[in-house]
Every structure is written in structure tokens, then in C-alpha cells.
Amino acid sequence: MGETEASEAIQPAGESAATAETAAPETPTPPLTVWTLSTGNTVLFVLALVLPSYASGGLSDVLPNLNTALGVGIFLYLWIVVWTTTRWLLGQVDPDEDSLARLALWGGACGAFDGIVFLLGIVLGLGLPAALVTSLQLLSIALFAAIGTPIAAVVGAVVGLVALVVDLAVLWVADRVTPRPRPDRR
Amino acid sequence: MSQSLHLAIRTLHVLGMAVLVGGAAGVWIAARRSIGDRTDLARSYEWAFWAALGVMLVTGIGNLGALGAPGPATDWGQLLLAKLSLVTVLVLASMVRTLAVVRTDETVSPTRLATFHERAYGLTTLALLALVVLAEVLAHG
């Protein structure tokens, strides 16, 4: 683990911008970077929902009626989806080298994919079992999935772009606060 | 069943904070006293930090639901909003801290590394202790 992480500091010096535009990163992203960005983004996403919802008074009525075990399960599912996508995404793009347009395209696309996978997971995990034991009809669930999928894709793409901006900002700041060896004074 | 679940949620929440504060304070002390391999220690803590933070968030929301949160206009609600805002700042700052730890060149001088670790983990410990105080006030008034 240590060797892989340390290798991030050693970027291929001669790599041209044109190559970086089209090729996947040569240096694999350290697993700790993937873990940090995916967990940070998931936590910030939930906080971005909870903070304004509570401040507007909407959450106080909803919270007592939520099923705790279900909430934990949904959060874990979201966490796994974001971690998997982030790991795959950082194998395709290099935030330090690639153009903003390329990053935005991939970030938005992965966000849309996350939104769809999250929604379909909820439909399959909650909707189908509910249809089997209650009067809820399968057609209603299929209709919900059909209407919800494009909405989830759009919302996911927007969230993906916002997450990209946050990630680029923290990477930029991290680059400036990282301790570096003093330059040779000879 | 419900009582047991809520007890488990509260226990996880407390244990999660113990990992966060104890780990940050441990790395900070190790940096101040030059104990062991601080780079490995810091990286190990960062893995645990993000796992514990995810657990803290989900158990925190679970606690809110189980205990029944008063409205945002109350003093309690204002304090909760302050706590959640501090958590947001901590998450952003911690992303910076972890990424800086990952990017640290192993040839950097021990003094510079110790200074960075002291500042980063000292600030993290202080922010986490502030959150503990806010949580205490929210729980016990």
C-alpha cells in the first residue's frame, strides 16, 4: 500500500498534454485517494441534503418516521456505488493532467450512472419485495422506474459535476499544503 | 428489537468518535515526540478516519430519528445546525489533509514532515473536540 501511494508524487515528467487528453493515467490512483474522495463525496452529498432540509423545518417531521435499519442500508448502498464508480473513474482520468472538459464529461457521465444504479437498486431492493407482499402492483413499480431513471440520470449528472468541482478544489489545496523536499541549493 | 438497534447505533456513534479523536491525537503526539514511522501511522489513521466518518454520519442521522429532533428554530436546532456546519468544514479540510498525506514525498525532511503532521492532526483533534463538546450539549443540555 505504501509504495503505491508514494508513487503518486512521481508523475511521468515528460508526458505531453495531448497524450494525457486521450489516455488513461499511467500511474494507478492510490487506493487511499479513492477511499477519501468517494467517502468524502458521499458524506458531503448526505450533508448537503440534511442541512438545508433540517434548516427549512422539513426534516423534523420526516425523521421520526424513518426506518433506521433501512436508512443505514441505503447509505451503505450509496457508499458502495460511489466508491466503485470513483475507483473506476480514477482509472480513466487523471485530475492533475486532464483538461477540465474531459473531466467534466467523465464526472457528469459517472454521476448520471450513479444516479441510475442507485435508483434501480432501490427499486429492485425495496419495490419488488414490496410488490410481492403488498397490494403494490409490479406495473406501478416498472412505471416508477421508467419515469425515475432519466430524472435520476440528470440529478446524478449535476451531483457528479458538483462533486468534481469540490474534488478539484481539495486536490488543488492539497497540492499546495503537501510538504515537499527543499530544492537543492548548490 | 428497536431498542437494541438504537442502542447499537448510539454505541457505534460513540465508538466512531473515539476512533476519530483518539487516532488524530495519537498521530499528533507521535509527530510532536518523533515516535515511530509517522507517515505509516498517518496513512493508517486516514483509512480508519474515513470509515469512522461514514459510520458517524449514518449513526448520527439514526440518532436524530430515534431521539426526535426539536425544530430548527429552537436553541437545540441552532446548535445542531452549527454542529452539522462544523462537520461539513471538517470533511472538506480532512479531504485536503488525507490527499496531502497521500502525496507526501518520502524524501521530505523529517522536520518538515513532523511540522506538517503536528499542524494537520493538531487542528483535526481540536475540531473533533469541538464537535464532542457540541454533541455533549445537544445530548445533555
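Residues numbered from 1 in each chain as written. Chains lettered and ligands numbered in written order. Predicted model: local features only at pLDDT ≥ 70, side-chain atom pairs only at ≥ 80, totals over all residues. Heavy atoms only, no water.

## Comments concerning the interface of chain A and chain B
Accessible area lost during the coming together of the parts is what is often quoted as the interface size. Contact residues are listed per partner, giving 48 residues for chain A and 46 residues for chain B. The contact between chain A and chain B buries some 4200 Å² in all, and 77% of this surface belongs to carbon and sulfur atoms. Of all residues in chain A, the largest losses of buried area upon contact with chain B belong to Leu32, Tyr54 and Pro179 of chain A, amounting jointly to 16% of the total for that side. Connecting chain A to chain B are two salt bridges. Notably, a salt bridge pairs Asp96 of chain A with Arg103 of chain B, separated by 3.0 Å at the nearest N-O pair. Put simply, the parts of the chain that give the side of chain A that touches chain B at least two residues each are helix H1 (2-6), helix H3 (31-55), helix H5 (68-89) and helix H7 (138-177) of chain A. Element by element, the count of residues in the side of chain A that touches chain B is highest for H3 of chain A, at 17 residues. For the side of chain A that touches chain B, the class distribution of residues is 30 nonpolar, eleven polar and seven charged. (Contact = heavy atoms within 4.5 Å. Buried area = accessible area lost by both parts, 1.4 Å probe. Salt bridge = Lys/Arg side-chain N within 4 Å of Asp/Glu carboxyl O. Helix = DSSP H or I, 4+ residues; strand = E, 2+ residues; numbered from the N terminus. Nonpolar A, V, L, I, M, F, W, Y, C, P; charged D, E, K, R; others polar.)

## A look at the packing of H5 of chain A against helix H6 (residues 100-133) of chain A
All names here are of chain A. H6 packs onto H5 with a crossing angle of 145° between their chain directions and a minimal axis gap of 10 Å. In the crossing of H5 with H6, the sense of the turn from one axis to the other is right-handed. On H6, the residues touching Leu70, Ile74, Tyr77, Leu78, Val81, Val82, Thr85, Trp88 and Leu89 of H5 are Trp106, Cys110, Phe113, Asp114, Val117, Phe118, Gly121, Ile122 and Leu126. Across the contact of H5 with H6, the residue classes break down as 15 nonpolar, two polar and one charged. (Axes fitted to C-alpha atoms, helices over the stretch in contact; angles between N-to-C directions. Left-handed = near helix turned anticlockwise from the far one by under 90°.)

## Observations concerning a nonpolar patch on the surface
Residue and element names in this part refer to chain A. There is a patch of nonpolar side chains on the surface, built from Phe45, Leu49, Leu143, Ile147, Ile151, Val155 and Val159 and spanning about 610 Å² of accessible area. Of all elements in the fold, only H3 and H7 reach the threshold of two or more residues within the nonpolar patch. The greatest single-element share of the nonpolar patch, amounting to five residues, is contributed by H7. Considering the arrangement of structural elements, one finds Phe45 in helix H3. (Patch = residues over 30% accessible without salt bridge, like charges linked within 9 Å, V, L, I, M, F, W, Y side chains within 5 Å. Areas by Shrake-Rupley, 256 points an atom, 1.4 Å probe, with all protein chains shown as cover.)

## Digging into the packing of H5 of chain A against helix H2 (residues 38-67) of chain B
Following both chains from N to C, one finds H5 of chain A and H2 of chain B inclined at 150°, their axes separated by 9 Å at the closest point. Of the possible angle classes, the one that applies to H5 of chain A and H2 of chain B is roughly antiparallel. Relative to H2 of chain B, H5 of chain A is oriented so that their crossing is right-handed. Contacts between H5 of chain A and H2 of chain B pair Thr68, Gly71, Val72, Phe75 and Trp79 of chain A from the former with Trp50, Ala51, Gly54, Val55, Leu57, Val58 and Gly62 of chain B from the latter. Considering only residue class, the contact of H5 of chain A with H2 of chain B consists of eight nonpolar, four polar and no charged. (Parallel < 35°, antiparallel > 145°, perpendicular 65-115°, else oblique.)

## Here we look at the packing of aromatic side chains
Residues and elements named next belong to chain A. As enumerated under the stated definition, the model contains eight aromatic pairs over all chains in all. Between Trp88 and Trp106, the ring centres sit 5.5 Å apart and the planes meet at 50°, which makes this aromatic pair tilted. Residue Trp88 is located in helix H5, and its partner Trp106 is located in helix H6; the two are separated by 18 residues in the primary sequence. Owing to a relative accessible area of 46%, Trp88 belongs among the partly exposed residues under this scheme. Among the residues examined, Trp106 registers a relative accessible area of 23% and is labelled partly exposed. (Phe/Tyr/Trp six-rings, centres within 6.5 Å; stacked < 30°, edge-to-face > 60°. Buried < 20%, exposed > 50% of the residue type's maximum accessible area, 1.4 Å probe, protein only.)

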